[in-house]
There are 2 protein chains.
Amino acid sequence: MNIAQHLSTHDIKPSYQRIKIYEYLYEKMNHPTVDVIYKNLVGEIPTLSKSTVYNTLKLFIDKGITSTLTIEDNEVRYDAAIDSHGHFKCTSCGAIFDIKYDFKDVAMNKLKGFEVKETQVHVKGKCNQCLTK
Amino acid sequence: MNIAQHLSTHDIKPSYQRIKIYEYLYEKMNHPTVDVIYKNLVGEIPTLSKSTVYNTLKLFIDKGITSTLTIEDNEVRYDAAIDSHGHFKCTSCGAIFDIKYDFKDVAMNKLKGFEVKETQVHVKGKCNQCLTK
DNA sequence: TCTAAATTTGTAATCATTACAAAAATAAAT
DNA sequence: ATTTATTTTTGTAATGATTACAAATTTAGA
Ligand SMILES: [Mn+2]
Ligand SMILES: [Mn+2]
Ligand SMILES: [Zn+2]
Ligand SMILES: [Zn+2]
């Protein structure tokens, strides 16, 4: 995947910071917070500002190449995956896993005549690894 | 429903503030924020403090008679309904509707061996009423 | 009544996010 | 190449919800 190309295609000028931020999201796929992104890139981009991270992510969302999840109520997380999928967060190790779900059985009875734009599914508990040790 | 009784049963001393706050949650069933609860009760309880609202809701959650939803990333909402159910928020009028969903089709494929403690389903869009006018 | 414990309250601290204007970088025009 | 305009980045201040904490008040017990 050519990241500069991908940004351009979506009407985003591929500046150095934007490329690095998207690259981080896309390659790690770790649902990071702004702070995590910042801390991981400031070594390579010493002049980086948190404002830039916020600005850039807002732009990515506007242009539709990034999504957000609010699985904890005090921090927004970001995801380069934009297809509809849910998330599981292990309360023990903190890892976040993607989960697939079938929307057909989710809420369809009550939502007749409603226009659905966005769905989030958040599950919390303990992951496989944490349970077996 | 006798609210004082209900609180006592769940190991919560039924003070005046606690009764009024639970009464608000239970009778309105409107998924309010702390601020909404405070503004609606301060007329009747002029000395009420927002701290009390926060403290009381935390206690209710600890004791298991209230649940939270984070359908917007900048505000927590509270719900006297504690059974597992999802929520639909109309982005036009702001109303929040309860929705039922079937967990059997939600994520079961990927979650083998995981221990699920809590699930949240959040849907956004436009409600029936807002669409037809 | 006197004393101890629980509850409520007000205020300050925290922390993620937003607002905003200056600085730096990039592109366009001359 | 130099100037000018536009875009992007940056730093700092403002905002707003939540938490921390200690004083004041209320409630319960001796
Ligand atoms: Mn994801
Ligand atoms: Mn509800
Ligand atoms: Zn784990
Ligand atoms: Zn509506």
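Criteria and thresholds
Residues numbered from 1 in each chain as written. Chains lettered and ligands numbered in written order. Predicted model: local features only at pLDDT ≥ 70, side-chain atom pairs only at ≥ 80, totals over all residues. Heavy atoms only, no water. Near = heavy atom within 4 Å. Polar contact = N/O pair within 3.5 Å; in protein donor to acceptor, adjacent residues only side chain to side chain. Helix = DSSP H or I, 4+ residues; strand = E, 2+ residues; numbered from the N terminus. Donors = N, O, S within 2.8 Å, 3.2 Å for Na, K, Ca; no water. Tetrahedral: all angles 85-135°; square planar, octahedral: opposite > 155°, others 65-115°. Buried < 20%, exposed > 50% of the residue type's maximum accessible area, 1.4 Å probe, protein only. Core = buried A, V, L, I, M, F, W, Y, C linked by side-chain atoms within 4.5 Å. Salt bridge = Lys/Arg side-chain N within 4 Å of Asp/Glu carboxyl O.

Colleague: How should the protein's contact with DNA strand C be read in this particular structure?
Modeller: What surrounds DNA strand C is a group of 15 residues, the closest being Tyr54 of chain A together with Ser15, Thr47, Ser51 and Thr52 of chain B. The contact atoms of DNA strand C, taken as those within 4 Å of the protein, divide so that sugar and phosphate hold 73%. The separation between a phosphate oxygen of DNA strand C and a polar side-chain atom of serine 15 of chain B is 2.3 Å. Here a phosphate oxygen of DNA strand C and a side-chain polar atom of threonine 47 of chain B are 2.7 Å apart. Within the residue set of the surface near DNA strand C, elements represented by two or more residues are helix H4 (50-62) of chain A together with helix H2 (16-28) and helix H4 (50-63) of chain B.

Colleague: For this particular structure, what's the right way to read the coordination of the zinc ion (ligand 4)?
Modeller: Six octahedral donors around a metal ideally sit at 90 or 180 degrees from one another, while four tetrahedral donors ideally sit at 109.5 degrees. Residues and elements named next belong to chain B. Around the zinc ion (ligand 4), the protein contributes the donor atoms Cys90 (SG), Cys93 (SG), Cys127 (SG) and Cys130 (SG), which lie 2.3 to 2.4 Å from the metal centre. Seen from the zinc ion (ligand 4), its 4 donor atoms lie at angles of 107 to 115°, and the figure they make is tetrahedral. On the primary sequence, the residues serving as donors to the zinc ion (ligand 4) are separated as C-x2-C-x33-C-x2-C. On the basis of relative accessible area, cysteine 90 is assigned to the buried category, the value being 0%. In this structure cysteine 93 comes out as partly exposed when scored by relative accessible area, which is 44%.

Colleague: What exactly am I supposed to notice about the nonpolar core here?
Modeller: One recurring pattern in soluble globular proteins is that nonpolar side chains are buried together. Membership of the largest hydrophobic core comes to 20 residues, with the highest contact counts inside it found for Phe88 of chain A together with Phe88 of chain B. Secondary-structure elements contributing two or more residues to this core are strand S3 (86-90) and strand S5 (115-126) of chain A together with strand S3 (86-90) and strand S5 (115-126) of chain B.

Colleague: Help me out: how do you make sense of the pattern of salt bridges in this one?
Modeller: Close approach of charged atoms allows side chains with opposite charge to pair. Residues and elements named next belong to chain A. One pass over the structure, following the stated rule, counts 20 salt bridges over all chains. Notably, a salt bridge pairs glutamate 23 with lysine 20, separated by 3.4 Å at the nearest N-O pair. Residue glutamate 23 and its partner lysine 20 are both found in helix H2 (residues 16-28); the two are separated by 3 residues, about one turn of the helix. According to the relative accessible area criterion, glutamate 23 is partly exposed, its value standing at 24%.

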